[in-house]
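Coordinate inspection notes
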Amino acid sequence: MQGIWTTERIRAAEERLLAVTPDGALMHRAAFGVAVAAADLLAEHTGGVAGRRVVLLVGAGNNGGDALWAGAFLRRRGVGVAAVLLAPNRAHPAGLAAFRRAGGRVVDDGAEWISRADLVVDGIVGLSARGPLRPAAAELVGVVRSPVLAVDLPSGVDPDTGAVDGPAVTATRTVTFGARKPVHVLNPARCGDVVLVDIGLGPELGEPDLSTLDAADVAAVWPVPGVADDKYSQGVTGVAAGSAVYPGAAVLAAGSAVLATSGMVRYAGPAADVVRANWPEVVATGSVTDAGRVQAWVVGPGIGTGSEGRETLRHVLGSGLPVCADADAITLIASDPSVLDAREPGTPLVLTPHDGEFERLTGARPGADRVAAARAAARRFDAIVLLKGHNTVVAAPDGRTLVNVPRGSWLATAGSGDVLSGLIGALLASGLDPWLAAGAAAKVHGQAAYLAAAGAPVSASGILHAIPDALRALTPARRL
Ligand SMILES: NC(=O)C1=CN([C@@H]2O[C@H](COP(=O)(O)OP(=O)(O)OC[C@H]3O[C@@H](n4cnc5c(N)ncnc54)[C@H](O)[C@@H]3O)[C@@H](O)[C@H]2O)[C@@H](O)CC1
Ligand SMILES: [K+]
């Protein structure tokens, strides 16, 4: 797992580190990292470094200081560097002096210089940023045509939520210091690639506020049958999804549970014939009341929001088993929360709303702070809340939060949610912690979409059939 820390926590850690570090040392380390990243970008985009032109956009704080020091380091590599000071009286004094000593130029006609630049360095604001770019900065950013290297984070984007509500920088690459901040995973489109420079902050950081799962984390938790296993011992997934009119959700959710693990899958509902025809290995019955023993339920996709769906949901929630409630099940809970009374307290429940379902469930859309919204809903429902969007946020009632950043947006297609719920259900049936189950499922789901798409649009069925490849890619060590 890789941690992510909020700006408040970073600042506190930096203060502790600053107290035991010589003056200016941290900024030098940070700025050196910026200069290296700038040289790399120049080389990648122009084929060289010496003689290239870089423009620094320099704000009032330490973020601008980093940029100025980086400009001084770049001068030593023969780069022509011009600085545009957005708050000339408040530019970092030591950084500005070093920049000038190194032969850097402070220029007034910023737009002119930017139009000829090979690279623009965004040192406008960093951790202390609040709100969008102010007009003068926005105007300059508007004329940029070259690659942009953001110092710490793209200015104008909220550091803690990734929200953008006005002009903001879109970076080609972002170089950040000490630890990743929420913006880096909550708004990857604005950050570009993120490079992390070690400035010695690690020991001061403590438990992260958010985490992302690595491939190795997924490999560590994904069930693999052992010599003593049989079809029951690995967990039987129950799928209550689809209807006679809309059998597709049932086929997708059941199929994804089939491909996720080697455990058995039972289907219960009016689409039994269609499910059987598509997935002969599924044991299918007409109703949850005669489904047979399972270790977890997926309920909701395509079950409808009428009385039949409500009875199915109530039955499943009253089973005392872990449940992944998706789609219509969420709408049913939203319209009649008393259905949750059937649930035995403490039984694992995973809710998987998109923004519209989240609004139905809680009365408000997630808003700019998706992490806070998911956490509040997780506490309120005493459930794991997996909030769908470009990034998937998985929050537990105790505040633990995972973020999954997909490669591309190929998951934005009809039926992909049904595939995700089948993955989660299969992991719940295997006995995995529901927070990790939801997080690992989201990662495999995103990976499957990326592999299936391979650069061209892909359907939910395509994503489904890429699950084995996604698992192989994420867990190569387990290949037999
Ligand atoms: N604290 C540390 O130990 C280190 C900090 N570093 C750098 O320091 C940065 C944080 O520096 P600061 O706390 O000085 O803050 P910033 O550089 O983020 O910004 C400070 C100034 O920007 C103004 N500002 C805020 N929002 C604005 C907006 N939307 N438009 C224009 N101006 C705005 C603020 O009023 C303030 O004067 C980090 O992001 C990082 O780049 C690095 O040098 C590494 C070490
Ligand atoms: K910045």
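Residues numbered from 1 in each chain as written. Chains lettered and ligands numbered in written order. Predicted model: local features only at pLDDT ≥ 70, side-chain atom pairs only at ≥ 80, totals over all residues. Heavy atoms only, no water.

Moving on to the overall build of the protein. On a plain count of helices and strands, the protein comes out with 20 helices and 18 strands. By the compact-globule yardstick of 23 Å for 480 residues, the protein fits well, its C-alpha radius of gyration being 26 Å. With the C-alpha coordinates aligned to their principal axes, the bounding extent of the protein is approximately 80 × 45 × 40 Å. Out of the 480 residues belonging to the protein, those deemed buried represent 55%. In the protein, once contacts between residues fewer than 6 apart in sequence are set aside, the share between residues at least 24 apart is 70%. The positive charge centre, built from 41 side chains, and the negative charge centre, built from 45, are 6 Å apart in the protein. (Helix = DSSP H or I, 4+ residues; strand = E, 2+ residues; numbered from the N terminus. Rg over C-alpha atoms; globule rule 2.2 N^0.38 Å. Buried < 20%, exposed > 50% of the residue type's maximum accessible area, 1.4 Å probe, protein only. Contact = heavy atoms within 4.5 Å. Lys, Arg positive; Asp, Glu negative; His and termini not counted. Charge placed at Lys NZ, Arg CZ, Asp CG, Glu CD.)

As a further point, take the domain arrangement of the protein. You can read the domains of the protein as domain 1 (2-209) and domain 2 (215-478). Using C-alpha coordinates to define each centre, domain 1 is positioned 40 Å away from domain 2. Listed per partner, the contact involves 7 residues of domain 1 and 9 residues of domain 2. With both sides pooled, the region where domain 1 packs onto domain 2 buries about 610 Å², and carbon together with sulfur makes up 62% of that total. The tally of links from domain 1 across to domain 2 stands at 0 salt bridges. Between domain 1 and domain 2 we count 3 residue pairs in polar contact (both at pLDDT 80 or more) in total. A class-by-class count of the residues in the side of domain 1 that touches domain 2 yields 4 nonpolar, 2 polar and 1 charged. (Domains from an automatic or database assignment. Buried area = accessible area lost by both parts, 1.4 Å probe. Salt bridge = Lys/Arg side-chain N within 4 Å of Asp/Glu carboxyl O. Polar contact = N/O pair within 3.5 Å; in protein donor to acceptor, adjacent residues only side chain to side chain. Nonpolar A, V, L, I, M, F, W, Y, C, P; charged D, E, K, R; others polar.)

In the vicinity of ligand 1 lie 23 residues, with Glu14, Asp66, Gly126, Ser128 and Asp152 positioned nearest. Here a nitrogen atom of ligand 1 sits 3.5 Å away from a polar atom, N or O, in the main chain of glycine 131. For ligand 1, whose unbound accessible area comes to 870 Å², protein coverage reaches 82%. Elements supplying a minimum of two residues to the shell around ligand 1: helix H1 (7-19), helix H2 (25-46) and helix H3 (62-76). (Near = heavy atom within 4 Å. Areas by Shrake-Rupley, 256 points an atom, 1.4 Å probe, with all protein chains shown as cover.)

Now for the pairing of strand E16 (residues 384-387). Covered by surrounding structure in E16 are Ile384 and Leu386 together with Val385 and Leu387, the residues of both alternating faces. Two strands pair when backbone bridges link them, and strand E15 (residues 349-351) and E16 are joined in this way by 2 bridges, in the parallel orientation. Of the residues in E16, the one forming a bridge with leucine 351 is valine 385. Sheet analysis places E16 next to strand E17 (residues 392-395), joined by 3 bridges and oriented antiparallel. Bridging across to E17, leucine 387 finds its partner in valine 393. (Pairing = 2+ DSSP bridges.)

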